[in-house]
Amino acid sequence: MAEKGLIGVQMMMLKEKVAGEGAYETFKRLAELGYHCVEVSQIPMTAENIAGMQKAAKEFGVKVAACSAALEPASPDAPGEYLTRDFDKIVSDCKALDCDMLRIGMLPMHCMGSREKALDFVKRADEMAERLGEQGIDLYYHNHHVEFVKYDGEYLMDIIRENTKKLGFELDVHWIQRGGENPVRYIEKFAGRIRLLHLKDYRISFTPPTVTDPKEFGPAFFRAFHVESVQFAEVGEGSLPMKEIIDTGLKCGSEYFLIEQDQQYGRDPYDCLITSRDNLIRMGYQDWFTL
């Protein structure tokens, strides 16, 4: 077992920063905050952005742990880059960034709610993982909570694991919690297939709604009670046992521990990352921020 992992940032948190400041300046700011690892997602893979990331990675010692790509378009004319039609370009981008992992961010919407469609999708993903492996790149699948629907008493997530050989998994501990499972115990089931782990805390924060129309109070209350009370928290600011999660992830083969917070609720994402950083340092992971 490795002595430590590398803590980094999921760049989807900073897509607006990249759009406004550029990839180079965003990487520079992350390095100044003490982060030297990123996962690239929801960042346009333009020549300008790739050049900026390359330059910053070299100058500031930032490791690009993984890039992101969808397997295939939902329709023939769908915009974006896809492994089935942009394979060479995606592989070239990974190699330009010295990155040996690609991750599929979610199950396609048209496959959700269908065991057969989901299995058909992961079969093709597993075949693509084989093809990418020939290029020295591992393919990973990132979960949400929808994979915890049960078919004949078995989670879809477990069905996917059991029906793939080459595909790896990027477990997201917030979504495992939201799916009703214990993240620590669930990580153990994926030992050896999880080089990537998403650190995303789970917080309950309830604020009673303020509405002027009495007729609107009931619907607003139950929306806040059932939906809005669950939040994506900075690491260490929620209810998940993050130290146990991280230590278990390392024991089970995780190399990169990537902070992701889907919503920041009005805070600047850099400030959120400072909070997560400080909490992780207090937990004893200070030396996990450097290569």
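Residues numbered from 1 in each chain as written. Predicted model: local features only at pLDDT ≥ 70, side-chain atom pairs only at ≥ 80, totals over all residues. Heavy atoms only, no water.

(A) Spatial organisation of the overall build of the protein chain. The helix and strand inventory of the protein chain stands at 11 helices and 12 strands. The C-alpha atoms of the protein chain give a radius of gyration of 19 Å, which matches the 19 Å a tight globule of 291 residues would have. Seen along its three principal axes, the alpha-carbon backbone of the protein chain occupies a region of about 60 × 45 × 45 Å. Burial status across the protein chain gives 52% buried among its 291 residues. Here the protein chain holds 35 positive side-chain charges and 47 negative ones, and the gap between their average locations is 1 Å. (Helix = DSSP H or I, 4+ residues; strand = E, 2+ residues; numbered from the N terminus. Rg over C-alpha atoms; globule rule 2.2 N^0.38 Å. Buried < 20%, exposed > 50% of the residue type's maximum accessible area, 1.4 Å probe, protein only. Lys, Arg positive; Asp, Glu negative; His and termini not counted. Charge placed at Lys NZ, Arg CZ, Asp CG, Glu CD.)

(B) Up close: the nonpolar core. If you look at the biggest cluster of nonpolar residues, it comprises 84 residues, and the most contacted ones within it are Leu83 and Leu102. Top contributing element to this core by residue count: helix H5 (residues 115–133), with eight residues. If sequence neighbours within four positions are ignored, Leu102 has contacts with Cys67, Ser68, Ala69, Leu83, Ile90, Cys94, Leu132, Ile137, Asp138, Leu139 and Tyr140. The next biggest cluster of nonpolar side chains, apart from the first, holds nine residues, and it includes Ala65, Met101, Tyr140 and Tyr256. (Core = buried A, V, L, I, M, F, W, Y, C linked by side-chain atoms within 4.5 Å. Contact = heavy atoms within 4.5 Å.)

(C) Spotlight on the side chain of His36. Looking at where His36 falls in the secondary structure, it is placed in the loop between helix H2 (23–32) and strand S2 (37–39). His36 gets classed as buried once you look at its relative accessible area, which sits at 17%. Ignoring anything within four residues of it in the chain, the contact list for His36 reads Leu6, Ala31, Phe60, Gly61, Val62, Lys63, Phe289, Thr290 and Leu291.

(D) A look at the pairing of strand S9 (residues 196–199). Side-chain alternation along S9 places Leu196 and His198 on one buried face and Leu197 and Leu199 on a second face that is also buried. Here two bridges tie strand S8 (residues 168–172) to S9, and the two strands are oriented parallel to one another. Paired with Asp172 across the strands is His198, a residue of S9. One ladder, built from four bridges, connects S9 with strand S12 (residues 256–259); its direction is parallel. If you follow His198 over to S12, its bridge partner there is Leu258. (Pairing = 2+ DSSP bridges.)

(E) Examining the pattern of salt bridges more closely. Scanning all chains against the criterion turns up 28 salt bridges. A salt bridge links Glu228 to Arg223; the shortest N-O distance between them is 3.4 Å. Relative accessible area serves as the criterion here: at 43%, Glu228 is assigned to the partly exposed category. Relative accessible area serves as the criterion here: at 44%, Arg223 is assigned to the partly exposed category. (Salt bridge = Lys/Arg side-chain N within 4 Å of Asp/Glu carboxyl O.)

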